[in-house]
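Summary of structural features
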Amino acid sequence: MSSIPKQTLCGVIPCLRYRDAPAAIDWLCSTFGFEVQFVVPNEDGSIAHAQLTFGNSMVMLGSVFDTEYGRLLKQPMETGGFVTQSAYLVVNSADEVYGRVLQAGGQIVLDLKDEDYGGRGFTCRDPEGHIWSIGTYDPYAQAGV
C-alpha cells in the first residue's frame, strides 16, 4: 500500500461550489440524505465552507467566489451544462432516492436501471446542474472488502 494517502475515514472528498450554497445544502440534505457536519457562513449569507456527511463519506462545498481558487472553476450553467467530474452515492434503495429527486425537482439525465455489473442506479442533476450518480452498486463489496 502506498505511504502517500493518510489512513483516515475517507481519503477522497469531492469539493463543489454553488451560487446559492445555503439552498444547495438544504437540497442535498433533504433529497440525497446528506447531513450537515460543519458550516462556516459569511456575513452576507454566502457559505465560506461547509462539510456534509453521507455515511462514512463527505463532500465539502462553498459559495462561488471570485478568488484565485474560484477562478479555476466553472459552474455547469457556464459550460452549457457540461461537467468534468461527478460523484457517485452508494445507497440502500436507488428507487427511493430516484423518487425523492423527482419530488425535489432534480433533473434525471440517465434513467433508473439495473446495471450489467450489478446494482441499480440512475444519474441526475441537482438544481445548479452538478451531476450525481446514485446507485446500489458497492465497489467495496464487489472487491470483497
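Criteria and cut-off values
- Residues numbered from 1 in each chain as written.
- Predicted model: local features only at pLDDT ≥ 70, side-chain atom pairs only at ≥ 80, totals over all residues.
- Heavy atoms only, no water.
- Pairing = 2+ DSSP bridges.
- Helix = DSSP H or I, 4+ residues; strand = E, 2+ residues; numbered from the N terminus.
- Axes fitted to C-alpha atoms, helices over the stretch in contact; angles between N-to-C directions.
- Contact = heavy atoms within 4.5 Å.
- UniProt positions renumbered as here; feature names shortened; annotations may be inferred.
- Parallel < 35°, antiparallel > 145°, perpendicular 65-115°, else oblique.
- Nonpolar A, V, L, I, M, F, W, Y, C, P; charged D, E, K, R; others polar.
- Expected span 1.5 Å × (residues − 1).
- Buried < 20%, exposed > 50% of the residue type's maximum accessible area, 1.4 Å probe, protein only.
- 1 Å grid on protein atoms, 1.4 Å probe; cavity = no way out; pocket = protein on both sides within 12 Å on 5 of 7 lines; lining within 4 Å.
- Points joined across faces, edges and corners; volume = space filled by probe spheres on them.

1. Structural notes on the sheet that holds strand β2 (residues 35-41)
The four strands lie next to each other as β1-β4-β3-β2, forming an open sheet whose pairing is mixed. Each edge of the open sheet carries a strand with a single partner, namely β1 (15-18) and β2. Sheet twist, expressed as the average angle between the axes of neighbouring strands with direction ignored, equals 20°. Where β1 meets strand β4 (residues 57-63), four bridges bridge the pair, whose relative direction is parallel. Following the sheet pairing, Y18 is matched in β4 by S63. Contacts between helix α1 (residues 21-32) and the sheet are confined to β1, β2, β3 (47-54) and β4, with β3 contributing the most and set at about 5° to the helix.

2. So, the UniProt feature "domain: VOC" (unreviewed entry) in the protein
In this structure's numbering, the residues bearing the UniProt feature "domain: VOC" (unreviewed entry) are residues 8-137. What you have in residues 8-137 is 17% helix and 38% strand, and the ends, taken at the C-alpha atoms, are 23 Å apart.

3. Considering the packing of α1 against helix α2 (residues 94-103)
At a minimum axis separation of 9 Å, α1 and α2 run at an interaxial angle of 140°. The angle between α1 and α2 places the two elements in the oblique class. Across the interface between the two elements, C29, S30, T31 and F32 from α1 touch V97, R100 and V101 from α2. Partitioning the contact of α1 with α2 into residue classes produces four nonpolar, two polar and one charged.

4. Remarks on α1
Over its 12 residues, α1 runs 16 Å from end to end, which matches the ideal 16 Å to within 8%, given 1.5 Å per residue. Within α1, the full set of buried residues consists of A21, A24, I25, W27, L28, C29, T31 and F32. Within two residues after α1, G33 carries a phi angle of roughly 95°, on the positive side.

5. Some details on the layout of surface pockets
In this structure, the largest pocket encloses a volume near 1,100 Å³. Forming the walls of the largest pocket are 36 residues, and the residues nearest its centre are V12, P14, S86, A87 and Y88. Among the elements of the structure, β1, β4, β5 (87-90), β8 (131-135) and α3 (139-142) are those that each provide at least two residues to the lining of the largest pocket. When residues in the lining of the largest pocket are grouped by element, the largest group, four residues, is from β5. Residue composition of the lining of the largest pocket, grouped by class: 23 nonpolar, 10 polar and three charged. By volume, the second largest pocket amounts to about 150 Å³. Along the walls of the second largest pocket sit 17 residues, with E115, Y117, G121, F122 and T123 positioned nearest its centre. When residues of the lining of the second largest pocket are traced back to their parent elements, those giving at least two are β6 (107-114), β7 (120-125) and β8. Sort the elements by how many residues they give to the lining of the second largest pocket and β7 lands first, with four residues. In terms of residue class, the lining of the second largest pocket is made up of six nonpolar, seven polar and four charged.

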